[in-house]
Structures are given as structure tokens and as C-alpha cells.
Amino acid sequence: MDLNQLQELHNQLQQNRTKDVAGTLSQSRRLEERIGTLRAWLKSMPLKWGQGVLEGSPAVFGEAWVDGVAVCDLIGFLESIKGGMNGVEKRPKSVASCRHNISKALERLRQKKGVPTASLFCEDAILQGNVDVVVPVLESVKKAYGRR
């Protein structure tokens, strides 16, 4: 699959998400359950999480990942990288810095077997705090790295 095909797949996934689907309430409950499962997994790690990662609404959960720091810290921990991932801006002051962090994390995940490629080309959606993208990315990370 080349980059154009992957981007087309990503665009199709985004278009499907934007369609009004029956059963929104049950989908919302399912999303909250998925976030609860992820939060329990994240809480089990000896990392200091920022606001919104371990508590708050689904929207707050999505927003907690927009600067890319938390996902870089997570991957650094899961890969046992001493001192964390290199080149991560721990206190990003611009959208470009946040995008850089997210891109570094997703690039690292592209090298990991078992992570679906559709989850790996979504910098903009993560940067916007789109919980419908953040949750599947984190679920992919959890599955690829095991329960650790």
C-alpha cells in the first residue's frame, strides 16, 4: 500500500465518521467504555499524566493528547527508552511543535509491527483532539505493545 492509498483510506475513514449514524447514544456509551479501559491501562503505568488523561469527558480525553507529549512519553515508556524519545518538545509553544511531537510518535509506531496503518497518518485529527481517532490509535498501541 503506497502513501496515496493510505491517505485515501484515511480520508474514507474520516468521511464515514462524519456521517450521522443511528444509535449515537450507544456509540457514546461504547466510546466511554473504551476510554475507561484505556484509562485503567494508562493508570497502571508509573508515568505522570497530564490533565484529562485519567479523568474527564471523552472530549477532554481527546484534548489531552493534542500536544503529542503524552503519546511520546507512553511510547518511550513502552519501548523502555531511557530518558524518553529524543527530540520531543516537552513544553510545546506552537502548533508546529505539537505536530512535530505527534509526528515523532506516529513515525515510531510505523516501525512497530501490529499497528494498523490507518491509525498512523492522522496527525491533524490528533492535533484537533478528535477522540474518535485518538482512542483507536491508543488501542492500537496497547495491542501492539502488549499489556506491559
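Not measured: the values here are computed from a predicted model. (Residues numbered from 1 in each chain as written. Predicted model: local features only at pLDDT ≥ 70, side-chain atom pairs only at ≥ 80, totals over all residues. Heavy atoms only, no water.)

Caption draft 1: Spatial organisation of the pattern of salt bridges. All told, the structure shown has six salt bridges when counted by the stated rule. The shortest N-O distance in the salt bridge between Lys-90 and Asp-73 comes to 2.3 Å. Placement of Lys-90 in the loop between α4 (69-78) and α5 (95-110) and of Asp-73 in helix α4 is noted, with a sequence separation of 17 residues between them. Since its relative accessible area comes to 24%, Asp-73 is described here as partly exposed. (Salt bridge = Lys/Arg side-chain N within 4 Å of Asp/Glu carboxyl O. Helix = DSSP H or I, 4+ residues; strand = E, 2+ residues; numbered from the N terminus. Buried < 20%, exposed > 50% of the residue type's maximum accessible area, 1.4 Å probe, protein only.)

Caption draft 2: Expanded view of the side chain of Arg-39. Position of Arg-39 among the secondary structure elements: in helix α2 (residues 24-43). In this structure Arg-39 is buried but unpaired, with Glu-55 as the nearest side chain of opposite charge at 6.7 Å. A polar contact is formed between the side chain of Arg-39 and the backbone oxygen of Glu-55, at a distance of 3.1 Å. A polar contact of 2.9 Å, which involves the side chain of Arg-39, links it to the backbone oxygen of Gly-56. (Lys, Arg positive; Asp, Glu negative; His and termini not counted. Polar contact = N/O pair within 3.5 Å; in protein donor to acceptor, adjacent residues only side chain to side chain.)

Caption draft 3: Highlighting α5. With 16 residues, α5 extends 22 Å between its outermost C-alpha atoms, agreeing within 8% with the 22 Å of an ideal straight helix rising 1.5 Å per residue. Those residues of α5 that sit buried are Ser-97, Cys-98, Asn-101, Ile-102, Ala-105, Leu-106 and Leu-109. In this fold, the buried residues of α5 make contact with α4, α6 (123-127) and α7 (131-145). (Expected span 1.5 Å × (residues − 1). Contact = heavy atoms within 4.5 Å.)

Caption draft 4: Seen up close, the packing of aromatic side chains. Scanning the entire structure with this criterion turns up two aromatic pairs. Seen from their ring centres, Phe-61 and Trp-65 are 5.9 Å apart, and the 65° between their planes marks the pair as edge-to-face. Of the two residues examined, Phe-61 and Trp-65, each falls in the buried class. Joined through ring pairs, the aromatic side chains of Trp-49, Phe-61 and Trp-65 make up one cluster. Cation over ring: Arg-110 sits above Phe-121, and NZ or CZ is 4.4 Å from the ring centre. Positioned over the ring face of Tyr-145 is Lys-112, at 4.5 Å from the centre of the ring. (Phe/Tyr/Trp six-rings, centres within 6.5 Å; stacked < 30°, edge-to-face > 60°. Lys NZ or Arg CZ within 6 Å of the ring centre and 35° of its normal.)

Caption draft 5: Region of interest: the nonpolar core. Within the largest apolar cluster, 39 residues are counted, with the highest numbers of intra-cluster contacts made by Phe-61, Trp-65, Leu-74 and Leu-109. For this core, the secondary structure elements donating two or more residues are α2, α4, α5, α6 and α7. Considering each element in turn, this core owes the most residues, nine residues, to α7. Once residues within four sequence positions are removed from consideration, Phe-61 is found in contact with Ile-35, Leu-38, Arg-39, Leu-42, Gly-52, Val-53, Val-131, Val-134, Val-135 and Leu-138. (Core = buried A, V, L, I, M, F, W, Y, C linked by side-chain atoms within 4.5 Å.)

That is the geometry; function is a separate question.
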